[in-house]
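# Results of the structural survey
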Amino acid sequence: MSEAVTHSSTAAVARPELLDSLDPLLREWLPRQRWFAGKGRPVTGFSLVAGVELLPPTATLGLLHLLVRAHQPLTPTQGAAPHPGDCYQLLIGVREALPPRLAPALIGHLEEGPLAGRTVYEALHDPRPADVLLEALRTQARIGELRFERDRRQEIRDDLVPRLVTSEQSNSSIVYGDTFILKLLRRMVPGTNPDLELPLMLSREGCARVPAPAAWMMADLGEETYVLGVLQPFVRGATDGWELALRELAKGEDFGDLSGFGDPGGFGSEARALGRATAEVHTALARALPTVTLGHAQMRLLVDGMTERLEAAAQAVPALRPYAPGLRSAFEALADLAAEGHTWTAQRIHGDLHLGQCLRSPSGQWSLIDFEGEPSKPLAERRMPQPPARDIAGMLRSFDYAAHSHRPPVAGWADACRAAYCTGYAEVSGVDPRTDPLLLRAYETDKAVYEVLYEARHRPDWLPVPMAAIRRLAASP
C-alpha cells in the first residue's frame, strides 16, 4: 500500500533555514549529478524558490520537495546581464541513518539547522518516497504549491513497485511495476513544457505512436506554473532505436552489397517503419496545432541563426575552420531559394529526435518519447513551429553515429538506413524529405556543427564522427 500523503493546501513549507543548513552539502553533491547543467563553474550559493514537506522531516522518514536556484559565476556567453541561476527540482529524503542499500544515494549528514544530526539523501533511490509520488498522482493531491493531475481514463493501481532508472541524463525516471514510468524534470523553467503539452495533444488526436500521459505534477507559484513530471505508460520489453541499431551492427553478419541502399543488415525494415512512425506523429501534430508559412524574411532569420552557430563553433574548434566556407554555402543556398519566393510550412515537431528517443515494442510497434526538446534551449524557442526537416535531419545524423560506433564502420549502412527512413516517411506523409535537398542539407549541417562543438568539449574521442559528416556536407554541391 502506498505511503499516505497530505491533501492539505496548508502543508508545511520547508523553511529557508533548512536550505542554509543544506547549502554546504548541496555544493558538493549537486555538481556531481548527470542532470546538473552548470558543470565547470563553482556553485556560490542557493536560494529557495519553493519547498514543501511531503512527509514530515522529523518523522522516521521525511521527504522534502524543493525547487532550488543554484547561483554560479557567469560565462562569457551569458554576458554581463544579471543571471538568476538555474532552478532545479530536488526530492530529498531524511532519515536518522541510511540503510546500506541507500548508501549510493547519500547527500550528507546535517551538522546544524532544524534537522541537525539527521542524514539527507536522494529520495528517488528509496521505494517509500517513490510510493508517495505515485499516491499523490493517483489521488490528485494538492500539497502546498504542488498540484497532481491525472487522466481518469487510465487506471493507476496503488500496489505498483517502484524502481529508479539509472541510465537517465538530463532528467530522472521511476518505473512503477512495469506499468508506468514517471519522468521527473530536473532543470526547471516556468511555462508550458512540450514534454506534457505535445503528448496530451497527440493522445487527443488518437495518435498511438506516443504514450498518452496518465498523470502529471505541477507547481503553482504566483503567476508562474512549472511542469515537474509526467507519468506515462511504460512500454514493457521495449528496446530503444539506438540499442537496437547497435545490436544489429554487432551481429557481424555479412551486410551484403549496400551500394544500392538496399536492406542495411536487417535494420532497413526497422528504419523504414521508424520513418512511417515519425510521419504519423508529424501529421497528427499538424492537425492538432497551428502551422505557419515561412517566407523570405523568416528563412533569413533561420539561416542567420545557423550561420552564427557555425561561426561560434569554428572559433571554438579549429578543425572546423577549413570547412566553414562550404558549410556556410549550405545555409546561403537555402536563403537564396527563399529569396526566389519559395516557402516552407512550419509546425510543432519533436525537437530533439534521434534513435535514443524511439522505442520498439516486442510486437514491432515504434513509439516516440521525450518531447522536451533540447533542454539547453529557451522554452519559447522549443515551442516554436519549425520545418519537420529538422526532426528528420536529427534522425539521419543518428544513423550516421550508429554506423560509426561499429568497428570497423560498415560502408553504406548509414546511407541505406537514411534511404529506408525517408522512404517510410514518404509512404505516410506523401512527401519524401529528399525532394527538398537544400532544406535537408541545411538542417543536417546545422546539426553536425552542433555535434562537433559538443564532442570537442565533452567526448573528444567521438569528434571524428561528426567531422566525417562535416567533410561530406561541405563538399556537397
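Residues numbered from 1 in each chain as written. Predicted model: local features only at pLDDT ≥ 70, side-chain atom pairs only at ≥ 80, totals over all residues. Heavy atoms only, no water.

Stated precisely, the cut-off is as follows: UniProt positions are given in the numbering used here, feature names are shortened, and annotations may be inferred rather than shown by experiment.
If you check an unreviewed UniProt entry, the protein appears there as Maltokinase from Streptomyces sp. R41. Annotation of the protein in UniProt includes, under Sequence similarities (unreviewed entry), the sentence "Belongs to the aminoglycoside phosphotransferase family."

## What to know about the overall build of the protein
Note the following rule: In this description a helix means any DSSP run of H or I spanning at least four residues, a strand means any run of E spanning at least two, and both kinds are numbered starting from the N terminus. Our radius of gyration is a C-alpha quantity, and the globule rule it is checked against amounts to 2.2 Å times the number of residues to the power 0.38. For the exposure calls, accessible area comes from a 1.4 Å probe over protein chains only, and a residue counts as buried if that area is under 20% of its type's maximum, exposed if over 50%, partly exposed in between. Contacts are residue-level and defined by heavy atoms, with any inter-residue pair within 4.5 Å sufficient. A 1.4 Å probe and the Shrake-Rupley method give the accessible areas. Residues count as covered only by the protein chains that appear here. Charged residues are defined here as Lys and Arg on the positive side and Asp and Glu on the negative side; His and the ends of the chain fall outside this count. Throughout, a charge is located at the NZ atom of Lys, the CZ atom of Arg, the CG atom of Asp or the CD atom of Glu.
Helix and strand content of the protein: 12 helices and 18 strands. At 24 Å, the protein has a C-alpha radius of gyration in line with the 23 Å of a compact globule built from 477 residues. For the protein, the residues scored as buried account for 53% of the 477 residues in total. The contacts in the protein between residues at least 6 apart in sequence include a share of 69% that link residues at least 24 apart. Looking at the protein as shown, the accessible area adds up to about 20,700 Å², and 53% of this sits on carbon and sulfur atoms. Measuring between centres, the 50 positive side-chain charges of the protein sit 1 Å from its 59 negative side-chain charges.

## Some details on the environment of Ala-313
Looking at the secondary structure, you find Ala-313 in helix α6 (residues 296-316). Note on Ala-313: relative accessible area 1%, which makes it buried. Along the backbone, Ala-313 and Pro-162 are 151 residues apart, and their C-alpha atoms lie at a distance of 42 Å.

## Notes on the pairing of strand β13 (residues 224-233)
Our working definition: Pairs of strands are assigned from DSSP output, requiring at least two bridges between the strands.
Within β13, 7 of the 10 residues are buried, leaving the element largely enclosed by the surrounding structure. Where strand β12 (residues 215-221) meets β13, 7 bridges bridge the pair, whose relative direction is antiparallel. Pairing of Ala-219 across the sheet is with Tyr-226, part of β13. What sits between the antiparallel neighbours β12 and β13 is a turn of 2 residues, in which Gly-222 has the positive phi angle 65°.

## Brief notes about the pattern of salt bridges
Just so we agree on the cut-off: A carboxyl oxygen of Asp or Glu within 4 Å of a side-chain nitrogen of Lys or Arg is what we treat as a salt bridge.
In total, this model carries 38 salt bridges according to the counting rule given. Residue Arg-287 is joined to Glu-205 by a salt bridge in which the shortest nitrogen-to-oxygen separation is 3.0 Å. Of the two residues, Arg-287 sits in helix α5 (residues 268-288) while Glu-205 sits in the loop between α3 (194-204) and β12, which places them 82 residues apart along the sequence. You can call Glu-205 partly exposed: its relative accessible area is 30%. Notably, a salt bridge pairs Glu-332 with Arg-300, separated by 3.1 Å at the nearest N-O pair. You can see Glu-332 sitting in helix α7 (residues 324-339) and its partner Arg-300 sitting in helix α6, a full 32 residues away along the chain. Put simply, Arg-142, Arg-147, Glu-149 and Asp-220 are held in one network by salt bridges that share partners.

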